[in-house]
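Chain residues, written in single-letter form:
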Amino acid sequence: MCDISELDSSELGTKEYWDKQYETEIENFRQHGDMGDIWFGEDAVDRIVRWITKNKDIKVDSGIVDIGCGNGYILLNLAQRNFTKLLGIDYSESAVLLAKEIAKKENVPNVKYEVCNVLEDVTKLVNQFDVVHDKGTYDAISLNPENPKDCREKYIKNIWSILKLNGLLIITSCNWTQEELLEQFKEYFKLYEVIPTPQFKFGNKVGNVVTSIVMQNCNL
Ligand SMILES: C[S@@+](CC[C@H](N)C(=O)[O-])C[C@H]1O[C@@H](n2cnc3c(N)ncnc32)[C@H](O)[C@@H]1O
């Protein structure tokens, strides 16, 4: 067991911040073709895409949703590896616009994008997906200045509900350790696999720069 203390809030936990960020990124993309930030770098994307493509429980026609998809970079990677049922959702209209423009320019028509706040009504997504992917979105939600604990709990329930039975949540975080994530999600999810990430050593302690784990939803 480990105690969960909430993170210090930050503007990264607000929609205003992301709207502004993606408005700038759209301008950059239109003017220079720059896709914008890839959170935790291309290596993180490569590790996750490699893990997905090698996993025997995930097929090319498995339903995969990317929560807080931003520019949609990971979905483009999956589409280029022949995955066919791909959806990206983000609560920022500008993120969705950017992701659609990039997909069009890259000529990747088989990814869908929708504006959706994962903390609000997700009725139409319920029980639809074999895999949920999240890179940095639970982190952002955990930084909410209003009520981070409520937001985190709502997130966990909603993610559980949109997954099919035995569905997988692949989550990458720079704010929470593996132990903290498992503790927070334990009512609804159990550990399926850890995706190894680079480690650092400080004194005699070893840590990870980012945590990438896969959890499976429990039959409640
Ligand atoms: C750190 S960025 C990560 C973007 C993308 N996943 C990546 O790895 O490049 C967090 C993303 O989560 C989105 N987001 C934050 N809270 C959200 C919510 N409640 N519902 C949907 N998207 C949200 C933000 O708009 C932003 O695109």
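Everything below is about the structure shown above.
### A short note on the overall build of the protein chain
Alright, step 1. If you tally the helices and strands in the protein chain, you get seven helices and nine strands.
Alright, step 2. Against the 2.2 N^0.38 benchmark of 17 Å for 220 residues, the protein chain shows a C-alpha radius of gyration of 17 Å, consistent with a compact globule.
Alright, step 3. Referenced to the eigenvectors of the C-alpha coordinate spread, the extents of the protein chain come out at roughly 50 × 40 × 35 Å.
Alright, step 4. In the protein chain, once contacts between residues fewer than 6 apart in sequence are set aside, the share between residues at least 24 apart is 75%.
Alright, step 5. Counting only carbon and sulfur atoms, one obtains 48% of the accessible surface of the protein chain, whose full area is about 11400 Å².

### Re the site of the ligand
Alright, step 1. Near the ligand you find 16 residues, and of these Tyr 22, Gly 68, Asp 90, Asn 117 and Lys 135 are the closest.
Alright, step 2. One of the side-chain N or O atoms of Tyr 22 is found 2.6 Å from an oxygen atom in the ligand.
Alright, step 3. Interatomic distance of 2.7 Å between a backbone N/O atom of Gly 68 and a nitrogen atom of the ligand.
Alright, step 4. Considered on its own, the ligand offers 590 Å² of accessible surface; in the complex 97% of this is hidden by protein.
Alright, step 5. Only α1 (15-32) and α5 (137-142) provide two or more residues apiece to the shell around the ligand.
Alright, step 6. Per-class residue counts for the shell around the ligand are nine nonpolar, five polar and two charged.

### Topic: the pattern of salt bridges
Alright, step 1. For the coordinates displayed, the defined rule picks out eight salt bridges.
Alright, step 2. Lys 124 is paired through a salt bridge with Glu 114; the nearest N and O atoms lie 3.3 Å apart. Of this pair, Lys 124 sits in the loop between β3 (111-115) and β4 (129-135) while Glu 114 sits in strand β3; the two residues are 10 residues apart in sequence, bridging distant segments of the chain.
Alright, step 3. Judged by relative accessible area, Lys 124 falls into the exposed class, the value being 64%.
Alright, step 4. Judged by relative accessible area, Glu 114 falls into the partly exposed class, the value being 28%.

### Description of the nonpolar core
Alright, step 1. In this structure, Trp 51, Ile 52, Ile 58, Ile 64, Leu 86, Tyr 113 and Ile 170 are the most contacted members of the largest nonpolar core, which totals 37 residues.
Alright, step 2. Secondary structure elements with two or more residues in this core: α1, α2 (41-54), α3 (73-80), α4 (93-105), β3 and β5 (163-173).
Alright, step 3. Ile 52 has contacts with Ile 58, Ile 64, Leu 78, Phe 83 and Ile 170, leaving out every residue within four places of it along the chain.
Alright, step 4. Val 122, Cys 151, Leu 181 and Phe 189 belong to the second largest nonpolar core, which has 28 residues in total.

### So, the side chain of Asn 71
Alright, step 1. Topologically, Asn 71 is positioned in the loop between β1 (63-67) and α3.
Alright, step 2. Polar contacts involving the side chain of Asn 71 include one to the main-chain carbonyl oxygen of Asp 37, which spans 3.1 Å.
Alright, step 3. A distance of 3.0 Å separates the side chain of Asn 71 from the backbone nitrogen of Tyr 73, its partner in a polar contact.
Alright, step 4. Setting aside chain neighbours within four positions, we find Asn 71 in contact with Tyr 22, Met 35, Gly 36, Asp 37, Leu 98, Ala 99 and Ile 102.

Quick notes on the rules
Think of each chain on its own: its residues are numbered from 1, step by step along the sequence as written. Residues qualify for local features only when their pLDDT is at least 70, as the model is predicted, and side-chain atom pairs are given and counted only at 80 or more; totals for whole chains, interfaces and linings, by contrast, use all residues. Only heavy atoms go into the side-chain values, all of them from the structure, while hydrogens and water stay out. Elements are defined by DSSP. Helices are runs of H or I of four residues or more, strands are runs of E of two residues or more, and each kind is numbered from the N terminus. Radius of gyration: over C-alpha atoms. The globule rule applied is 2.2 Å multiplied by the number of residues raised to the 0.38 power. Pairs of residues are marked as contacts when any of their non-hydrogen atoms sit within 4.5 Å. Computed by Shrake-Rupley with a 1.4 Å probe, the accessible areas treat only the displayed protein chains as cover when residues are assessed. Throughout this document, a residue counts as near a molecule or strand when at least one of its heavy atoms sits within 4 Å of that molecule or strand. Polar contact is the term for a pair of N or O atoms within 3.5 Å; when the atoms are in protein, one must be able to donate a hydrogen and the other to accept it, and sequence-neighboring residues count only if both atoms are side-chain atoms. Throughout, the ten residues Ala, Val, Leu, Ile, Met, Phe, Trp, Tyr, Cys and Pro are labelled nonpolar, Asp, Glu, Lys and Arg are labelled charged, and all others, Gly among them, are labelled polar. Think of a salt bridge as a Lys or Arg side-chain nitrogen and an Asp or Glu carboxyl oxygen that are within 4 Å of each other. Here the term buried applies to any residue with accessible area under 20% of the maximum for its type, exposed to any over 50%, and partly exposed to those in between, with areas from a 1.4 Å probe on protein chains only. Put simply, a nonpolar core is a bunch of buried Ala, Val, Leu, Ile, Met, Phe, Trp, Tyr and Cys residues held in one set by side-chain atoms that sit within 4.5 Å of each other.

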